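# Structure at a glance
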Amino acid sequence: MFNLNPSKWWPEPVPANSDQGCNLSLRPLAVVFACCACVVGCDLTPSVLFVSDGSPVRLLQLTDAQDECAAPRRVCFLATWDGQAVRGCWMREQANVLVTLPGEVRTVPVGSFRPTAYAEYRRMSLD
């Protein structure tokens, strides 16, 4: 049932001049590199700094990423009560945040937003 022979626990050593030994030593490095590349490359959503929830939207999230938004606008995400999620742009305009979404423009008072832990860590505010 159990193999108690220690020689069977680890693979046999491969001679140094063998091509197989080189391939086996590079595999773990390739796997680690591939995993790190996936982790770095898969963060497609910018970090959310400020959040507003309630009526008339379910959740409005502001980020500091610029992506497709022309300066000084930044990327935002809007989730509605019916489950829709929309990506748009936002910018601060006096006492309001102007949110430009596909097909509409909204104005939300700055006081409606609360900072996330990430914004507090970066010591950012909408004021």
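One can find the structure itself at the top, above this paragraph.
One structure accompanies this document, and this report is about it. Quick caveat, the model's predicted, so the values are computed rather than measured.

Backbone torsion omega between Ala71 and Pro72 reads 5°, so that peptide bond is classified as cis. Along the chain, Pro72 falls in the loop between strand E2 (59–63) and strand E3 (74–79). Even without being a glycine, Asp67 presents a positive backbone phi close to 40°. As for its position among the elements, Asp67 is in the loop between E2 and E3.

Glancing now at the pattern of salt bridges. This structure, assessed with the given rule, holds five salt bridges. Close ionic contact of Glu104 with Arg106 constitutes a salt bridge, the shortest N to O distance being 2.7 Å. Here the residues in one salt-bridge network are Asp67, Glu68 and Arg87, joined through shared partners.

Let us look at the state of the cysteines. One pass over the structure, following the stated rule, counts one disulfide. The disulfide partner of Cys69 is Cys89, and the S-S distance across this bridge is 2.0 Å. Of note, the bridge from Cys69 to Cys89 carries an S-S torsion of about -90° and is left-handed in sense. Note that Cys69 is positioned in the loop between E2 and E3 and Cys89 in strand E4 (residues 85–93), a separation of 20 residues in sequence. Take Cys69 and Cys89: they sit in the same class, and that class is buried.

This part takes up the sheet that holds E2. One open sheet accounts for seven strands, arranged E6-E5-E4-E3-E2-E1-E7; its pairing is antiparallel. Each edge of the sheet is formed by a strand with only one pairing partner; in this case those strands are strand E6 (104–109) and strand E7 (114–115). Note that strand E5 (residues 96–101) and E6 share six bridges and pair antiparallel. Counterpart to Val97 in the pairing with E6 is Val108.

Reading the values: the criteria
- Residues numbered from 1 in each chain as written.
- Predicted model: local features only at pLDDT ≥ 70, side-chain atom pairs only at ≥ 80, totals over all residues.
- Heavy atoms only, no water.
- Helix = DSSP H or I, 4+ residues; strand = E, 2+ residues; numbered from the N terminus.
- Salt bridge = Lys/Arg side-chain N within 4 Å of Asp/Glu carboxyl O.
- Disulfide = S-S within 2.5 Å.
- Buried < 20%, exposed > 50% of the residue type's maximum accessible area, 1.4 Å probe, protein only.
- Pairing = 2+ DSSP bridges.

Just geometry here; none of it tells us what the structure is for.
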